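The chain contents come next:
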Amino acid sequence: MRVLLYFPGSALQRWTSALAALLPEAEVRAWSADAAPLDADYVAAFRPPPELFARENRVRAVFNLAAGVEAMLALPTLEPSIPIYRLEDAGMAEQMADYASYAVLRWYRDFDVYAGQAARSEWKQLKPRRKADFAVGVLGLGEMGGAVARRLVALGFPVRGWSRTRHPLKGVSAFAGPDGLAPFLAGSSAIVATLPLTAETRGILDRRAFAAMPAGSFVVNVGRGDLVVDTDLLEALDSGQVAGAMLDVFATEPLPADHPFWHHPRVTVTPHVSAVTVRDASLAQVAEKIRRFDRGEPVTGRVDRDRGY
Ligand code: NAP
(Lines give C-alpha, C1' and ligand atoms only; values in the text may rest on other atoms or scores of the structure.)
Protein backbone atom coordinates (compact mmCIF):
# COMPACT_ATOMS: atom_id res chain seq x y z
CA MET A 1 0.00 0.00 0.00
CA ARG A 2 1.09 3.58 -0.63
CA VAL A 3 0.52 6.35 1.89
CA LEU A 4 1.03 10.05 1.24
CA LEU A 5 1.53 12.35 4.20
CA TYR A 6 1.09 16.11 4.43
CA PHE A 7 1.69 18.24 7.48
CA PRO A 8 2.25 22.01 7.26
CA GLY A 9 5.62 23.52 8.07
CA SER A 10 9.02 22.08 8.74
CA ALA A 11 7.78 18.95 10.57
CA LEU A 12 6.69 17.17 7.38
CA GLN A 13 9.76 14.92 7.08
CA ARG A 14 9.71 13.99 10.77
CA TRP A 15 6.02 13.05 10.60
CA THR A 16 6.62 11.03 7.45
CA SER A 17 9.54 9.09 8.95
CA ALA A 18 7.52 8.41 12.10
CA LEU A 19 4.56 7.06 10.10
CA ALA A 20 6.89 4.99 7.90
CA ALA A 21 8.33 3.37 11.03
CA LEU A 22 4.82 2.49 12.21
CA LEU A 23 3.80 1.07 8.79
CA PRO A 24 6.84 -0.88 7.57
CA GLU A 25 4.65 -2.80 5.12
CA ALA A 26 3.74 0.45 3.30
CA GLU A 27 5.50 2.90 1.05
CA VAL A 28 5.11 6.17 2.96
CA ARG A 29 6.08 9.40 1.27
CA ALA A 30 5.92 13.10 2.12
CA TRP A 31 3.85 15.28 -0.22
CA SER A 32 5.88 17.42 -2.55
CA ALA A 33 4.38 19.63 -5.23
CA ASP A 34 7.44 18.88 -7.39
CA ALA A 35 7.34 15.07 -7.24
CA ALA A 36 5.40 12.79 -9.58
CA PRO A 37 2.06 11.55 -8.16
CA LEU A 38 2.46 8.59 -5.78
CA ASP A 39 -0.88 7.03 -6.77
CA ALA A 40 -1.49 6.82 -3.05
CA ASP A 41 -4.09 4.49 -1.58
CA TYR A 42 -4.28 6.57 1.58
CA VAL A 43 -3.61 10.17 2.53
CA ALA A 44 -2.83 11.26 6.09
CA ALA A 45 -2.92 15.04 6.27
CA PHE A 46 -3.64 18.23 8.14
CA ARG A 47 -4.88 21.14 6.02
CA PRO A 48 -3.42 19.77 2.75
CA PRO A 49 -3.11 21.98 -0.33
CA PRO A 50 -5.95 21.44 -2.86
CA GLU A 51 -3.39 20.31 -5.49
CA LEU A 52 -2.73 17.18 -3.49
CA PHE A 53 -6.12 15.67 -4.28
CA ALA A 54 -6.12 17.12 -7.79
CA ARG A 55 -3.02 15.02 -8.51
CA GLU A 56 -3.71 11.89 -6.48
CA ASN A 57 -6.70 10.19 -8.01
CA ARG A 58 -6.55 6.67 -6.59
CA VAL A 59 -7.09 7.64 -2.96
CA ARG A 60 -9.31 5.18 -1.09
CA ALA A 61 -9.48 6.97 2.27
CA VAL A 62 -8.24 10.11 3.99
CA PHE A 63 -7.01 10.28 7.58
CA ASN A 64 -7.25 13.79 9.00
CA LEU A 65 -4.37 14.61 11.36
CA ALA A 66 -6.66 16.68 13.58
CA ALA A 67 -10.03 16.40 15.32
CA GLY A 68 -11.59 19.29 13.38
CA VAL A 69 -12.34 18.55 9.73
CA GLU A 70 -13.83 21.78 8.39
CA ALA A 71 -10.72 22.56 6.29
CA MET A 72 -10.65 19.06 4.78
CA LEU A 73 -14.37 19.20 3.97
CA ALA A 74 -13.91 22.55 2.26
CA LEU A 75 -11.38 21.18 -0.26
CA PRO A 76 -13.01 21.34 -3.70
CA THR A 77 -10.61 18.72 -5.08
CA LEU A 78 -11.46 16.02 -2.54
CA GLU A 79 -14.04 13.70 -4.10
CA PRO A 80 -17.05 13.52 -1.71
CA SER A 81 -17.29 9.75 -2.03
CA ILE A 82 -13.84 9.24 -0.44
CA PRO A 83 -14.27 8.48 3.27
CA ILE A 84 -12.55 10.78 5.76
CA TYR A 85 -11.53 9.63 9.24
CA ARG A 86 -10.57 12.06 11.97
CA LEU A 87 -8.41 11.85 15.08
CA GLU A 88 -10.31 10.66 18.12
CA ASP A 89 -8.76 12.08 21.29
CA ALA A 90 -5.18 10.90 20.51
CA GLY A 91 -3.85 12.71 23.58
CA MET A 92 -5.83 15.92 23.07
CA ALA A 93 -8.79 15.38 25.42
CA GLU A 94 -6.63 15.44 28.57
CA GLN A 95 -5.05 18.73 27.45
CA MET A 96 -8.46 20.19 26.70
CA ALA A 97 -9.76 19.20 30.13
CA ASP A 98 -6.67 20.85 31.72
CA TYR A 99 -7.20 24.07 29.76
CA ALA A 100 -10.91 24.27 30.52
CA SER A 101 -10.50 23.53 34.21
CA TYR A 102 -7.78 26.19 34.50
CA ALA A 103 -9.98 28.76 32.72
CA VAL A 104 -13.02 27.98 34.86
CA LEU A 105 -11.15 27.82 38.21
CA ARG A 106 -9.24 31.01 37.47
CA TRP A 107 -12.49 32.82 36.81
CA TYR A 108 -14.52 31.17 39.57
CA ARG A 109 -11.86 31.93 42.23
CA ASP A 110 -11.24 35.52 40.97
CA PHE A 111 -7.54 34.86 40.42
CA ASP A 112 -7.50 37.50 37.66
CA VAL A 113 -8.83 40.11 40.05
CA TYR A 114 -6.29 39.09 42.72
CA ALA A 115 -3.46 39.29 40.16
CA GLY A 116 -4.55 42.85 39.34
CA GLN A 117 -4.72 43.73 43.04
CA ALA A 118 -1.31 42.19 43.72
CA ALA A 119 0.21 44.32 40.96
CA ARG A 120 -1.01 47.35 42.97
CA SER A 121 0.04 45.84 46.37
CA GLU A 122 -3.64 45.86 47.27
CA TRP A 123 -4.84 43.49 50.04
CA LYS A 124 -8.56 42.98 49.59
CA GLN A 125 -10.63 39.82 50.04
CA LEU A 126 -13.58 39.33 47.69
CA LYS A 127 -16.76 37.52 48.63
CA PRO A 128 -16.29 33.93 47.43
CA ARG A 129 -18.72 32.45 44.93
CA ARG A 130 -20.63 29.30 45.86
CA LYS A 131 -19.92 26.32 43.64
CA ALA A 132 -23.54 25.20 43.85
CA ASP A 133 -24.51 28.52 42.23
CA PHE A 134 -21.86 28.30 39.53
CA ALA A 135 -22.98 25.84 36.87
CA VAL A 136 -20.65 25.32 33.91
CA GLY A 137 -22.16 24.54 30.52
CA VAL A 138 -20.16 22.52 28.00
CA LEU A 139 -21.17 22.89 24.34
CA GLY A 140 -20.36 19.66 22.51
CA LEU A 141 -20.00 16.40 24.40
CA GLY A 142 -17.76 14.43 22.04
CA GLU A 143 -14.14 13.44 22.64
CA MET A 144 -13.17 16.94 23.82
CA GLY A 145 -16.38 18.10 25.48
CA GLY A 146 -16.91 14.76 27.21
CA ALA A 147 -13.45 14.96 28.80
CA VAL A 148 -14.04 18.60 29.81
CA ALA A 149 -17.43 17.79 31.35
CA ARG A 150 -16.07 14.80 33.32
CA ARG A 151 -13.19 16.88 34.66
CA LEU A 152 -15.50 19.71 35.74
CA VAL A 153 -17.75 17.17 37.49
CA ALA A 154 -14.67 15.80 39.30
CA LEU A 155 -13.85 19.37 40.40
CA GLY A 156 -17.29 19.60 41.99
CA PHE A 157 -19.02 22.02 39.62
CA PRO A 158 -22.64 21.55 38.61
CA VAL A 159 -22.18 20.68 34.92
CA ARG A 160 -24.60 21.01 32.03
CA GLY A 161 -23.94 19.62 28.58
CA TRP A 162 -25.41 20.52 25.20
CA SER A 163 -25.04 18.39 22.09
CA ARG A 164 -26.90 17.57 18.88
CA THR A 165 -28.16 14.28 20.31
CA ARG A 166 -28.77 13.81 24.03
CA HIS A 167 -25.90 12.24 25.99
CA PRO A 168 -26.40 10.66 29.38
CA LEU A 169 -23.15 11.51 31.22
CA LYS A 170 -22.81 10.90 34.94
CA GLY A 171 -23.24 14.13 36.88
CA VAL A 172 -24.06 16.19 33.76
CA SER A 173 -27.51 17.69 33.07
CA ALA A 174 -28.16 16.90 29.43
CA PHE A 175 -29.59 19.35 26.88
CA ALA A 176 -29.83 18.71 23.16
CA GLY A 177 -30.73 20.26 19.84
CA PRO A 178 -31.66 23.83 18.87
CA ASP A 179 -34.58 23.92 21.33
CA GLY A 180 -32.32 22.91 24.20
CA LEU A 181 -29.80 25.71 23.65
CA ALA A 182 -31.57 28.64 25.35
CA PRO A 183 -32.53 26.69 28.52
CA PHE A 184 -28.99 25.27 28.63
CA LEU A 185 -27.45 28.75 28.42
CA ALA A 186 -29.92 30.25 30.89
CA GLY A 187 -28.53 28.09 33.70
CA SER A 188 -24.81 28.34 32.82
CA SER A 189 -22.65 30.84 34.74
CA ALA A 190 -19.77 29.87 32.47
CA ILE A 191 -19.67 28.09 29.14
CA VAL A 192 -16.92 26.08 27.43
CA ALA A 193 -17.41 25.68 23.67
CA THR A 194 -15.90 22.50 22.25
CA LEU A 195 -18.12 22.30 19.15
CA PRO A 196 -16.87 21.51 15.66
CA LEU A 197 -17.35 24.25 13.06
CA THR A 198 -20.27 23.30 10.81
CA ALA A 199 -23.03 25.09 8.92
CA GLU A 200 -25.15 24.76 12.07
CA THR A 201 -22.59 25.88 14.64
CA ARG A 202 -21.05 28.82 12.75
CA GLY A 203 -21.86 31.99 14.71
CA ILE A 204 -23.83 30.06 17.35
CA LEU A 205 -22.31 32.20 20.13
CA ASP A 206 -23.92 35.44 19.08
CA ARG A 207 -25.81 38.30 20.72
CA ARG A 208 -28.86 36.10 21.30
CA ALA A 209 -26.80 33.38 22.97
CA PHE A 210 -24.99 35.83 25.27
CA ALA A 211 -28.31 37.47 26.18
CA ALA A 212 -29.70 34.05 27.12
CA MET A 213 -26.94 33.55 29.72
CA PRO A 214 -27.12 34.98 33.24
CA ALA A 215 -25.68 38.51 33.44
CA GLY A 216 -21.96 38.52 34.28
CA SER A 217 -21.23 35.12 32.74
CA PHE A 218 -17.87 33.79 31.52
CA VAL A 219 -17.11 32.39 28.05
CA VAL A 220 -14.39 29.93 27.06
CA ASN A 221 -13.93 29.00 23.40
CA VAL A 222 -11.67 26.09 22.50
CA GLY A 223 -13.68 24.77 19.52
CA ARG A 224 -13.23 27.03 16.51
CA GLY A 225 -13.08 30.82 16.24
CA ASP A 226 -16.04 31.07 13.90
CA LEU A 227 -18.39 29.65 16.55
CA VAL A 228 -18.27 33.16 18.04
CA VAL A 229 -19.52 36.39 16.47
CA ASP A 230 -16.64 38.59 17.64
CA THR A 231 -18.52 41.88 17.48
CA ASP A 232 -21.38 40.42 19.53
CA LEU A 233 -18.97 39.11 22.16
CA LEU A 234 -17.23 42.50 22.40
CA GLU A 235 -20.61 44.20 22.76
CA ALA A 236 -21.65 41.72 25.49
CA LEU A 237 -18.33 42.30 27.28
CA ASP A 238 -18.75 46.05 27.11
CA SER A 239 -22.30 45.88 28.49
CA GLY A 240 -21.21 43.49 31.27
CA GLN A 241 -23.63 40.78 30.10
CA VAL A 242 -20.49 38.68 29.57
CA ALA A 243 -17.98 39.55 32.28
CA GLY A 244 -14.92 37.77 30.88
CA ALA A 245 -13.68 35.42 28.19
CA MET A 246 -10.78 33.08 27.60
CA LEU A 247 -10.32 32.40 23.89
CA ASP A 248 -7.98 29.93 22.23
CA VAL A 249 -9.35 29.90 18.69
CA PHE A 250 -10.17 32.73 16.30
CA ALA A 251 -11.83 33.38 12.96
CA THR A 252 -8.43 34.50 11.63
CA GLU A 253 -5.30 32.83 13.01
CA PRO A 254 -2.84 34.15 14.01
CA LEU A 255 -5.18 36.67 15.63
CA PRO A 256 -4.42 39.97 13.79
CA ALA A 257 -2.32 42.40 15.85
CA ASP A 258 -5.04 45.05 15.75
CA HIS A 259 -7.87 42.76 16.91
CA PRO A 260 -9.62 44.22 19.99
CA PHE A 261 -9.43 40.84 21.79
CA TRP A 262 -5.67 41.31 22.29
CA HIS A 263 -5.98 44.32 24.54
CA HIS A 264 -9.43 43.88 26.03
CA PRO A 265 -9.00 43.95 29.84
CA ARG A 266 -11.37 41.03 30.37
CA VAL A 267 -10.28 38.80 27.51
CA THR A 268 -7.45 36.28 27.72
CA VAL A 269 -6.03 35.15 24.39
CA THR A 270 -4.01 31.96 23.87
CA PRO A 271 -2.60 30.96 20.45
CA HIS A 272 -4.60 27.79 19.63
CA VAL A 273 -2.85 25.63 22.21
CA SER A 274 -5.72 24.26 24.28
CA ALA A 275 -5.06 20.82 22.80
CA VAL A 276 -2.14 20.41 20.42
CA THR A 277 -1.74 17.40 18.16
CA VAL A 278 0.48 14.81 19.81
CA ARG A 279 2.56 13.36 16.98
CA ASP A 280 3.25 9.85 18.23
CA ALA A 281 -0.25 9.21 19.61
CA SER A 282 -1.83 10.64 16.44
CA LEU A 283 0.30 8.62 14.03
CA ALA A 284 -0.15 5.42 16.04
CA GLN A 285 -3.90 5.93 15.80
CA VAL A 286 -3.74 6.71 12.07
CA ALA A 287 -1.49 3.70 11.35
CA GLU A 288 -3.99 1.45 13.12
CA LYS A 289 -6.92 2.99 11.22
CA ILE A 290 -5.10 2.54 7.88
CA ARG A 291 -4.36 -1.11 8.65
CA ARG A 292 -7.95 -1.79 9.66
CA PHE A 293 -9.32 -0.03 6.58
CA ASP A 294 -6.92 -1.94 4.34
CA ARG A 295 -8.06 -5.25 5.86
CA GLY A 296 -11.69 -4.27 5.30
CA GLU A 297 -12.36 -4.02 9.05
CA PRO A 298 -14.58 -1.39 10.68
CA VAL A 299 -12.79 1.90 11.37
CA THR A 300 -14.07 4.43 13.93
CA GLY A 301 -14.08 8.22 13.57
CA ARG A 302 -15.62 8.43 10.12
CA VAL A 303 -16.69 11.95 9.28
CA ASP A 304 -20.28 12.48 8.22
CA ARG A 305 -20.17 15.02 5.39
CA ASP A 306 -23.84 15.92 5.79
CA ARG A 307 -23.43 16.77 9.49
CA GLY A 308 -20.09 18.45 8.81
CA TYR A 309 -18.16 16.64 11.57
P1 NAP B 1 -16.61 15.09 18.35
O2 NAP B 1 -16.17 13.94 19.19
O3 NAP B 1 -17.13 14.84 16.98
O4 NAP B 1 -17.72 15.88 19.19
C5 NAP B 1 -18.46 16.93 18.66
C6 NAP B 1 -19.58 17.27 19.63
O7 NAP B 1 -20.25 18.43 19.16
C8 NAP B 1 -20.62 16.16 19.73
O9 NAP B 1 -21.06 16.02 21.06
C10 NAP B 1 -21.74 16.68 18.84
O11 NAP B 1 -23.04 16.20 19.18
C12 NAP B 1 -21.65 18.16 19.10
N13 NAP B 1 -22.29 18.91 18.02
C14 NAP B 1 -21.95 18.97 16.71
N15 NAP B 1 -22.81 19.74 16.03
C16 NAP B 1 -23.72 20.19 16.92
C17 NAP B 1 -24.86 21.01 16.83
N18 NAP B 1 -25.27 21.54 15.66
N19 NAP B 1 -25.58 21.24 17.95
C20 NAP B 1 -25.20 20.71 19.13
N21 NAP B 1 -24.11 19.92 19.29
C22 NAP B 1 -23.39 19.66 18.20
O23 NAP B 1 -15.44 16.13 18.19
P24 NAP B 1 -14.21 16.40 19.22
O25 NAP B 1 -13.11 15.45 18.98
O26 NAP B 1 -14.78 16.53 20.58
O27 NAP B 1 -13.72 17.82 18.70
C28 NAP B 1 -14.62 18.91 18.69
C29 NAP B 1 -13.96 20.13 18.09
O30 NAP B 1 -12.97 20.63 18.98
C31 NAP B 1 -13.19 19.87 16.80
O32 NAP B 1 -14.05 19.83 15.70
C33 NAP B 1 -12.25 21.04 16.74
O34 NAP B 1 -12.89 22.10 16.08
C35 NAP B 1 -12.07 21.41 18.22
N36 NAP B 1 -10.70 21.14 18.68
C37 NAP B 1 -9.92 22.22 19.02
C38 NAP B 1 -8.62 22.01 19.47
C39 NAP B 1 -7.79 23.19 19.91
O40 NAP B 1 -6.60 23.07 20.14
N41 NAP B 1 -8.36 24.35 20.10
C42 NAP B 1 -8.11 20.71 19.58
C43 NAP B 1 -8.94 19.63 19.25
C44 NAP B 1 -10.25 19.87 18.80
P45 NAP B 1 -23.40 14.63 19.08
O46 NAP B 1 -22.64 14.00 20.22
O47 NAP B 1 -24.85 14.59 19.28
O48 NAP B 1 -22.92 14.15 17.75
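Residues numbered from 1 in each chain as written. Predicted model: local features only at pLDDT ≥ 70, side-chain atom pairs only at ≥ 80, totals over all residues. Heavy atoms only, no water.

Draft legend 1. A look at the nonpolar core. Residues Leu5, Leu19 and Phe63 are the most contacted members of the largest nonpolar core, which totals 53 residues. Of the residues forming this core, the biggest block, eight residues, is contributed by helix H4 (residues 92-108). Looking at this core, you find at least three residues from each of domain 1 (2-90 + 277-294) and domain 2 (92-269). If near-sequence neighbours (up to four positions away) are discounted, leucine 5 is found in contact with Leu12, Trp15, Thr16, Leu19, Arg29, Ala30, Trp31, Ala44, Leu65 and Leu283. Listed in part, the 30 residues of the second largest apolar core include Trp162, Phe175, Leu205 and Leu237. (Core = buried A, V, L, I, M, F, W, Y, C linked by side-chain atoms within 4.5 Å. Buried < 20%, exposed > 50% of the residue type's maximum accessible area, 1.4 Å probe, protein only. Helix = DSSP H or I, 4+ residues; strand = E, 2+ residues; numbered from the N terminus. Domains from an automatic or database assignment. Contact = heavy atoms within 4.5 Å.)

Draft legend 2. Spatial organisation of the sheet that holds strand S4 (residues 61-64). Taken in spatial order, the five strands line up as S2-S1-S3-S4-S5 in an open sheet, and their pairing is parallel. Across the chains shown, the open sheet's two edge strands, defined by having one partner strand only, are strand S2 (27-30) and strand S5 (84-85). Where strand S1 (residues 2-6) lies against strand S3 (residues 42-45), four bridges are found, and the strand directions are parallel. What sits directly across from tyrosine 6, in S3, is alanine 45. Contacts from helix H1 (residues 12-22) reach S1, S2 and S3, with the element oriented near 175 degrees to S2. (Pairing = 2+ DSSP bridges. Axes fitted to C-alpha atoms, helices over the stretch in contact; angles between N-to-C directions.)

Draft legend 3. Representation of the site of the ligand in the model. If you check the shell around the ligand, you find 29 residues, and the closest are Leu141, Met144, Thr165, His167 and Tyr309. Leucine 141 is positioned with one of its backbone polar atoms (N or O) 2.8 Å from an oxygen atom of the ligand. At 3.4 Å from an oxygen atom of the ligand is found a main-chain nitrogen or oxygen belonging to glycine 223. Taken by itself the ligand offers 930 Å² of open surface, and the protein chains cover 94% of this. Of the residues belonging to the shell around the ligand, the class tally is 12 nonpolar, 11 polar and six charged. (Near = heavy atom within 4 Å. Polar contact = N/O pair within 3.5 Å; in protein donor to acceptor, adjacent residues only side chain to side chain. Areas by Shrake-Rupley, 256 points an atom, 1.4 Å probe, with all protein chains shown as cover. Nonpolar A, V, L, I, M, F, W, Y, C, P; charged D, E, K, R; others polar.)

Draft legend 4. Region of the structure containing the side chain of aspartate 41. Among the structural elements, aspartate 41 can be located in the loop between S2 and S3. Of the buried charged residues, aspartate 41 lacks a salt bridge, with arginine 58 as the closest side chain of opposite charge at 4.4 Å. There is a polar contact of 2.7 Å between the side chain of aspartate 41 and the backbone nitrogen of arginine 2. Non-local contacts of aspartate 41, meaning those with residues more than four positions away in its chain, are made with Met1, Arg2, Arg58, Val59, Arg60 and Ala61. (Lys, Arg positive; Asp, Glu negative; His and termini not counted. Salt bridge = Lys/Arg side-chain N within 4 Å of Asp/Glu carboxyl O.)

Draft legend 5. Main features of the side chain of lysine 289. Along the chain, lysine 289 turns up in helix H11 (residues 279-294). A polar atom in the side chain of lysine 289 sits 2.5 Å from the side chain of glutamate 88. Non-local contacts of lysine 289, meaning those with residues more than four positions away in its chain, are made with Phe63, Tyr85, Arg86, Glu88, Val299, Thr300 and Gly301.

Draft legend 6. Spatial organisation of the packing of H4 against helix H6 (residues 143-154). Here H4 crosses H6 at 50 degrees, and the two axes come no closer than 8 Å. Taken together, the axes of H4 and H6 are oblique relative to one another. Note that H4 runs across H6; the crossing there is right-handed. In this structure, H4 uses Met92, Ala93, Glu94, Met96, Ala97, Asp98, Ala100, Ser101 and Val104 to contact H6, whose residues at the interface are Glu143, Met144, Ala147, Val148, Arg151 and Leu152. Here the residues of the contact of H4 with H6 sort into 10 nonpolar, one polar and four charged. (Parallel < 35°, antiparallel > 145°, perpendicular 65-115°, else oblique. Left-handed = near helix turned anticlockwise from the far one by under 90°.)

Draft legend 7. Geometry of H1. Those residues of H1 not exposed but buried are Leu12, Trp15, Thr16, Ala18 and Leu19. Buried residues of H1, viewed axially, fall in a sector of 165 degrees; they line one side. In H1, the exposed positions that point more than 90 degrees away from the buried face belong to Gln13 and Ala21. Turning to H1, the residues buried within the fold contact S1, S2, S3 and H11. (Arc of directions from axis to C-beta.)

Draft legend 8. Focus on the domain arrangement of the chain. Parsing the chain into structural domains produces domain 1 (2-90 + 277-294) and domain 2 (92-269). Relative placement of domain 1 and domain 2: their C-alpha centres are 33 Å apart. Across the contact, 10 residues belong to domain 1 and seven residues belong to domain 2. Both faces combined, the contact of domain 1 with domain 2 buries some 740 Å², and carbon together with sulfur accounts for 52% of it. Joining domain 1 to domain 2, the criterion identifies one salt bridge. Measuring nitrogen to oxygen at the nearest pair gives 2.6 Å for the salt bridge that ties glutamate 70 to arginine 224. Joining domain 1 to domain 2, the criterion identifies three residue pairs in polar contact (both at pLDDT 80 or more). Taken together, the residues that form the side of domain 1 that touches domain 2 break down as four nonpolar, two polar and four charged. (Buried area = accessible area lost by both parts, 1.4 Å probe.)

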